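A structural walkthrough
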Amino acid sequence: MALVSGLRIEGFVIVSADGRLANAHNVMPDDLKIEGDKRFFTAALDRADLVVHGRHSQEEQPNAPKRRRLILTGKVAATAPDPDNPKALLWNPAGCPFEAASREAGVTSGMVAIIGGPGVFGMFMDRYDTFWLSVAPRVRIPEGEPCFPGVPARTPQQVLAAHGLRADAPQLIDAAQDVSVTPWRRVG
């Protein structure tokens, strides 16, 4: 159960076979933009009440401007309106706890979608109710950005397990690319 009452915290990422989510320039390569995962991700975000991400993580869907969001940054003291998006708040976790930022964003219940990057995923590692890990086994990004702190020394699966999450059955979401998503759920 999430530490924030009324909120269900879920993480979402697609990674390469070597646990990477972007190339060395923090850009998701086209090889990871897989249709089945895009459909899964879009449907999940359509259910989200709040989206949380860093400056490099974003979504490329038509409904993106309609979503309430927190964008992590060190450029504000606590929170501030995003000048480019009236539905977004810039959030500095060092100056404001998540609970206060989510309330300021107008969200006190429902599903919070954490969509990255690695530092953002790491901040919530002990708070996820479910983490949805999609793996593209045919894609490798040897010099890319690891999905979580601790990768590549450990696999993404080992990192999730070390934080009290347990894998449920994977679901095939793109047969052509052999991509599955596995829900990792909080134990206890």
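A brief structural summary.

What counts as what
- Residues numbered from 1 in each chain as written.
- Predicted model: local features only at pLDDT ≥ 70, side-chain atom pairs only at ≥ 80, totals over all residues.
- Heavy atoms only, no water.
- Helix = DSSP H or I, 4+ residues; strand = E, 2+ residues; numbered from the N terminus.
- Rg over C-alpha atoms; globule rule 2.2 N^0.38 Å.
- Buried < 20%, exposed > 50% of the residue type's maximum accessible area, 1.4 Å probe, protein only.
- Lys, Arg positive; Asp, Glu negative; His and termini not counted.
- Charge placed at Lys NZ, Arg CZ, Asp CG, Glu CD.
- Contact = heavy atoms within 4.5 Å.
- Core = buried A, V, L, I, M, F, W, Y, C linked by side-chain atoms within 4.5 Å.
- Salt bridge = Lys/Arg side-chain N within 4 Å of Asp/Glu carboxyl O.
- Expected span 1.5 Å × (residues − 1).
- Arc of directions from axis to C-beta.
- Pairing = 2+ DSSP bridges.

A few words now on the overall build of the protein. What the protein contains, in helices and strands, is four helices and 12 strands. Radius of gyration (C-alpha) of the protein: 16 Å, near the 16 Å computed for a compact globule of 188 residues. Over its C-alpha atoms, taken along the principal directions, the protein stretches across nearly 40 × 35 × 30 Å. Within the span of the protein, comprising 188 residues, buried residues form 51% of the whole. Averaging the coordinates of the 21 positive side-chain charges in the protein and doing the same for the 21 negative ones gives two points 3 Å apart.

As for its position among the elements, Thr130 is in strand E8 (residues 130–136). The residues touching Thr130, leaving out its near neighbours within four places in the chain, are Ile9, Glu10, Gly11, Pro183, Trp184 and Arg185.

This brings us to the nonpolar core. Core analysis: the biggest nonpolar cluster contains 33 residues, and Val52, Phe98 and Phe131 have the highest contact counts within it. Broken down by element, this core gets its largest block of residues, four residues, from strand E1 (residues 7–16). In contact with Phe131, not counting residues within four places along its chain, are Gly11, Phe12, Val13, Phe121, Phe148, Leu160, Leu165, Thr182, Pro183 and Trp184.

Tracing the chain through its elements places Asp37 in helix H1 (residues 35–47). Lys38 provides the closest opposite charge to the buried, salt-bridge-free Asp37, at an N-O distance of 9.0 Å. Filtering out sequence-adjacent residues up to four positions away, Asp37 remains in contact with Ile14, Ser134 and Ile173.

Attention shifts here to H1. When the terminal C-alpha atoms of H1 are compared, their 19 Å separation across 13 residues agrees well with the 18 Å that a helix rising 1.5 Å per residue should span. Every buried residue of H1 is accounted for by Gly36, Asp37, Phe40, Phe41, Ala44 and Leu45. Projected onto a plane normal to the axis of H1, the buried residues spread over an arc of 160 degrees and lie on a single side. The inward-facing, buried residues of H1 abut E1, strand E3 (50–53), strand E7 (110–114), E8, strand E11 (171–174) and strand E12 (179–186).

Attention now goes to unusual backbone geometry. In the segment running from Gly116 into Gly117, the intervening peptide bond is cis, with an omega of 5 degrees. One can find Gly117 in the loop between E7 and helix H3 (118–123). At the junction of Val151 and Pro152, the peptide bond is cis and its omega measures out at 15 degrees in the coordinates. As for its placement among the helices and strands, Pro152 is situated in the loop between strand E9 (145–146) and helix H4 (156–162). Positive phi, close to 60 degrees, is recorded for Asn26, a residue that is not glycine. On the secondary structure map, Asn26 appears in the loop between strand E2 (20–22) and H1. Unlike most non-glycine residues, Asp178 shows phi in positive territory, near 60 degrees. Note that Asp178 resides in the loop between E11 and E12. The exposure class of Asp178 is partly exposed, given its relative accessible area of 41%.

Our next topic: the pairing of E12. Note that E8 and E12 share six bridges and pair antiparallel. Bridge pairing links Phe131 to Trp184 in E12. The turn linking E11 back onto E12 is made up of four residues, and Asp178 within it adopts a positive phi angle of 60 degrees.

Counting through the fold element by element, Tyr128 comes out in the loop between H3 and E8. The class for Tyr128 is buried, based on a relative accessible area of 0%. Put simply, Tyr128 and Val112 are 16 residues apart on the chain and 9.6 Å apart in space, counted from C-alpha to C-alpha. In this view, Tyr128 contacts Ile9, Glu10, Gly11, Ile114, Val120, Phe121, Leu165 and Arg186; residues no more than four positions away in its chain are not counted.

As far as function goes, none of this settles anything; it's purely spatial.
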